[in-house]
Amino acid sequence: MIGLFARSPKMREAVGLAERVSATDANVLITGESGAGKDLLAAFIHSQSKRAAQPLVKIDCATLPAELLEAELFGYERGAFTGAVEARAGRFEAAQNGTIVLDEVAHLSTDAQAKLLRVIERREFERLGGRKTIKLDARLLALTNVDLDAAVKAGHFREDLFYRLNVINIRVPPLRERKQDLSQLIQHFVKQYAAKHARKVDRVSQPALALLKAYDYPGNARELANVIERAVIVATDRTIDEHNLPVGLTAA
């Protein structure tokens, strides 16, 4: 799906590299601004890989408290800690034979970074409170909107882990650098949200389209999706016009 919206040279380059790397099991670091579509590119890599029929498991490292991260990643045995009334498999086990996506990997604590590095190096782990070694067979994709090279230099991210994750680096360009993709993205979102909200909206007026193409979208594709969803909902007929767009966008 993401390849359909790659008209711009920078996006075609990113998708082309994703296609080439999908045939391998190499770790991939996908970088780019928030909302640019890093998760979509990760899903695309999985869908084109030999693991496509197996699980795609995503972990948002920014939302998991540090004290829960280890249990979430590796699972635990009954009695491993207070409240562990039964054994539970972790995300790594859930991703066996498939792909695991570490979103916002820069938010991992120093301790979690060390544990992740050991898993990557040894390709094995144990559940919390367990003694059985579990072999890991999963492709690893890491996503971040942080400059990890700068984070390494600042001492916030382990250099050895960075090198392990950064075997292949794919940058997803922000929307302002791929304006050629806007027309198809707009059409896609209009169709998607018209179906979602049972609206008969299927057109965008030329003045509205000109405004949509002129805006720089600091929130990237996620912001564009929100703008189109709102416009679809408030439109009074089948056509989105400039009056259906947010004031901030029309004033840009």
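Up top is the structure these notes are about.
First things first, this report covers the structure right here in the doc.

About the cut-offs
Residues numbered from 1 in each chain as written. Predicted model: local features only at pLDDT ≥ 70, side-chain atom pairs only at ≥ 80, totals over all residues. Heavy atoms only, no water. Helix = DSSP H or I, 4+ residues; strand = E, 2+ residues; numbered from the N terminus. Buried < 20%, exposed > 50% of the residue type's maximum accessible area, 1.4 Å probe, protein only. Contact = heavy atoms within 4.5 Å. Areas by Shrake-Rupley, 256 points an atom, 1.4 Å probe, with all protein chains shown as cover. Lys, Arg positive; Asp, Glu negative; His and termini not counted. Charge placed at Lys NZ, Arg CZ, Asp CG, Glu CD. Core = buried A, V, L, I, M, F, W, Y, C linked by side-chain atoms within 4.5 Å. Phe/Tyr/Trp six-rings, centres within 6.5 Å; stacked < 30°, edge-to-face > 60°. Axes fitted to C-alpha atoms, helices over the stretch in contact; angles between N-to-C directions. Left-handed = near helix turned anticlockwise from the far one by under 90°. Nonpolar A, V, L, I, M, F, W, Y, C, P; charged D, E, K, R; others polar. Pairing = 2+ DSSP bridges. Expected span 1.5 Å × (residues − 1). 1 Å grid on protein atoms, 1.4 Å probe; cavity = no way out; pocket = protein on both sides within 12 Å on 5 of 7 lines; lining within 4 Å. Points joined across faces, edges and corners; volume = space filled by probe spheres on them.

This part is about the overall build of the protein. Secondary structure summary: the protein contains eleven helices and eleven strands in total. Projecting the C-alpha coordinates of the protein onto the three principal axes gives extents of approximately 65 × 40 × 35 Å. Of all 252 residues assigned to the protein, the portion counted as buried reaches 45%. Sequence-distant contacts, at least 24 apart, represent 74% of the contacts inside the protein between residues at least 6 apart. Carbon and sulfur atoms make up 50% of the accessible area of the protein, which totals about 12,900 Å². Placing the 36 positive and 32 negative side-chain charges of the protein at their respective mean positions leaves the two points 4 Å apart.

Formed by 31 residues in total, the largest nonpolar core has its most connected members in F92, L102, V105, F157 and L165. Within the residue set of this core, elements represented by two or more residues are β2 (56–60), α3 (66–74), β5 (99–103), α5 (110–122), β8 (139–144), α6 (148–153) and α7 (159–165). Of the residues forming this core, the biggest block, five residues, is contributed by α5. Those residues in contact with F92, other than ones at most four positions away along the chain, are L73, F74, I100, L116, V119, F125 and L136. L182, A194, A208 and L249 belong to the second largest nonpolar core, which has 24 residues in total.

At R123, a residue that is not glycine, the phi angle is positive and equals roughly 55 degrees. Along the polypeptide, R123 turns up in the loop between α5 and β6 (124–126). For R123, a relative accessible area of 28% corresponds to the partly exposed category.

In total, this model carries six aromatic pairs according to the counting rule given. Ring geometry for Y215 and Y217: centres 4.7 Å apart, planes at 85 degrees, overall edge-to-face. Its relative accessible area of 16% is what places Y215 among the buried residues. Y217 gets classed as buried once you look at its relative accessible area, which sits at 0%. Ring pairs connect the aromatic residues F74, F92 and F125, which therefore count as one cluster.

Time to look at the packing of helix α8 (residues 182–196) against helix α9 (residues 206–214). One way to put it is that α8 packs onto α9 with a least axis distance of 10 Å and a crossing angle of 115 degrees. Remark: the crossing between α8 and α9 carries right-handed chirality. Where α8 approaches α9, its residues L182, S183 and I186 are matched on the opposing element by L209, L212 and K213. Grouping the constituent residues of the contact of α8 with α9 by class yields four nonpolar, one polar and one charged.

Next up on the list: the pairing of β8. The side chains of a regular strand alternate, residue by residue, between the two faces of the sheet. Among the six residues that make up β8, six are buried, leaving the element largely enclosed by the rest of the structure. Here β8 shows two buried faces, one formed by R139, L141 and L143 and the other by L140, A142 and T144. Here β5 runs beside β8; their pairing, made up of four bridges, is parallel. Looking across to β8, one finds that I100 is bridged to L140.

With that settled, consider helix α10 (residues 220–234). Because the α-helix completes a turn every 3.6 residues, residues three or four places apart line up on one side. Between its first and last C-alpha atoms α10 spans 22 Å; for 15 residues at 1.5 Å apiece the expected length is 21 Å, and the two agree. Considered for burial, the residues of α10 that qualify are N220, A221, L224, A225, V227, I228, E229, A231 and V232.

Going through the model one piece at a time under the given rule, you end up with one cavity of 30 Å³ or more. Of the volumes computed, that of the largest cavity is approximately 50 Å³. Lining the largest cavity are F92, I100, L116, V119, I120, R123, L136, A138 and L140. Among the elements that take part in the lining of the largest cavity, α5 stands out by supplying three residues, more than any other. Looking at the lining of the largest cavity residue by residue, the classes come out as eight nonpolar, no polar and one charged.

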